[in-house]
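# Coordinate inspection notes
Given next are the chains, with one letter for each unit.
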Amino acid sequence: KTMTSPDTTTPCQDVMVAVDGTPASEPAVHAAAGRVREHPDRHVLLFHALPTLPPELLEYGGTGDDEEDRLGLEKLHERRLAWMQEKREEAQPMFDRLCAILREDGVADEQIELLYDAPNPECTVAREVLVAARERGVRTILVGHHAFPWHREIFHRHVGEELHDRAEAESVLVIGDSTAE
C-alpha cells in the first residue's frame, strides 16, 4: 500500500515516529495519535532502526577459490538475515506496547504501520529516519527525547538534533521529558 497522497500537490499527512524502545518514545506516540485519530486517511508509521551489524557479519574475507567464496558469501548473507530477524523479534514487544498506546488513543489498526530499517554502519539513525520518511512522502517526524543530567547533555547529541539539522521539507518535532536529575 502506498503511503503518499495520490494528489502530488497535497503533502502526505501521515506521521512517522522514530522509536527506540525507551519510555521517551511514548510521548511521541501519544502526540502522533492526536494527529491522526480523527482522520482515517492518515497513518502512524512507527520506525525502528535495527542496531548496527556486529563486526563478524560485516564482511567475508574470501579464500581465493571462487566456488568457496560464493558459498561463504551466501552463508554470510543468511547469517545477516537471521540476525536481523532475531532483532526484529526482540523489538516486537516494544511495537506491541506502542501499538496498544495508539489503539487506546483512538487510532485504528489500519492506520498503524511498523517499519524496520536494515542496519547500515555507514549511516546515522537520523539519516535512516529521513530516508524512510522521504521514501513514503511523510513530512512530519516525531521523536521522543529523554533529558539527561546537564553534565551528560553537554556531550550527548540527540537524534532529534541531527534530524533538525538534516531535515529539508520535513517537520521534526522532538517530544518528551524536559527534566533531568
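The sections below set out a description of the structure shown in this document. (Residues numbered from 1 in each chain as written. Predicted model: local features only at pLDDT ≥ 70, side-chain atom pairs only at ≥ 80, totals over all residues. Heavy atoms only, no water.)

### Quick notes on the overall build of the protein
Within the protein, the regular secondary structure consists of five helices and five strands. For the protein, the succession of helices and strands along the chain, N to C, is β-α-β-α-β-α-β-α-α-β. When the accessible surface of the protein is totalled, it reaches about 10600 Å², and 50% of it is carbon and sulfur. (Helix = DSSP H or I, 4+ residues; strand = E, 2+ residues; numbered from the N terminus. Areas by Shrake-Rupley, 256 points an atom, 1.4 Å probe, with all protein chains shown as cover.)

### Here's the deal with the packing of aromatic side chains
This model, assessed by the stated rule, comprises one aromatic pair. Plain terms: the ring middles of Phe95 and Tyr116 are 5.1 Å apart, the flat faces sit at 80° to each other, and that makes the pair edge-to-face. Residue Phe95 is found in helix α2 (residues 66-104), and its partner Tyr116 is found in strand β3 (residues 112-117); the two are separated by 21 residues along the sequence. Note on Phe95: relative accessible area 0%, which makes it buried. Look at Tyr116 and you get partly exposed, because its relative accessible area is 24%. (Phe/Tyr/Trp six-rings, centres within 6.5 Å; stacked < 30°, edge-to-face > 60°. Buried < 20%, exposed > 50% of the residue type's maximum accessible area, 1.4 Å probe, protein only.)

### Observations concerning the pairing of strand β1 (residues 12-18)
With six of seven residues buried, β1 is to be regarded as a mostly interior element. Looking at chain direction, β1 and strand β2 (residues 44-49) are connected through four bridges and run parallel. In the strand pairing of β2, Val15 is matched with Val44. Viewed along the sheet, the connection from β1 through helix α1 (residues 25-36) into β2 turns out right-handed. (Pairing = 2+ DSSP bridges. Right-handed = clockwise from strand over helix to strand, strands pointing away.)

### Re the pattern of salt bridges
In this structure the tally under the stated criterion is six salt bridges. Close ionic contact of Asp109 with Arg103 constitutes a salt bridge, the shortest N to O distance being 2.4 Å. A residue is classified by how much of its surface remains accessible, and Asp109, at 44% relative accessible area, is partly exposed. Connected via shared salt-bridge partners are Glu67, Arg70 and Glu74. (Salt bridge = Lys/Arg side-chain N within 4 Å of Asp/Glu carboxyl O.)

### A few points about the side chain of Lys87
By the secondary structure assignment, Lys87 is in helix α2. Engagement of the side chain of Lys87 in a polar contact is seen with the side chain of Glu90, the distance being 3.3 Å. Beyond its immediate chain neighbours, meaning those up to four positions away, Lys87 contacts Leu50 and Pro51. (Polar contact = N/O pair within 3.5 Å; in protein donor to acceptor, adjacent residues only side chain to side chain. Contact = heavy atoms within 4.5 Å.)

### Quick look at the environment of Pro40
Relative to the helices and strands, Pro40 resides in the loop between α1 and β2. Separated by 70 residues in sequence, Pro40 and Glu110 place their C-alpha atoms 8.5 Å apart.

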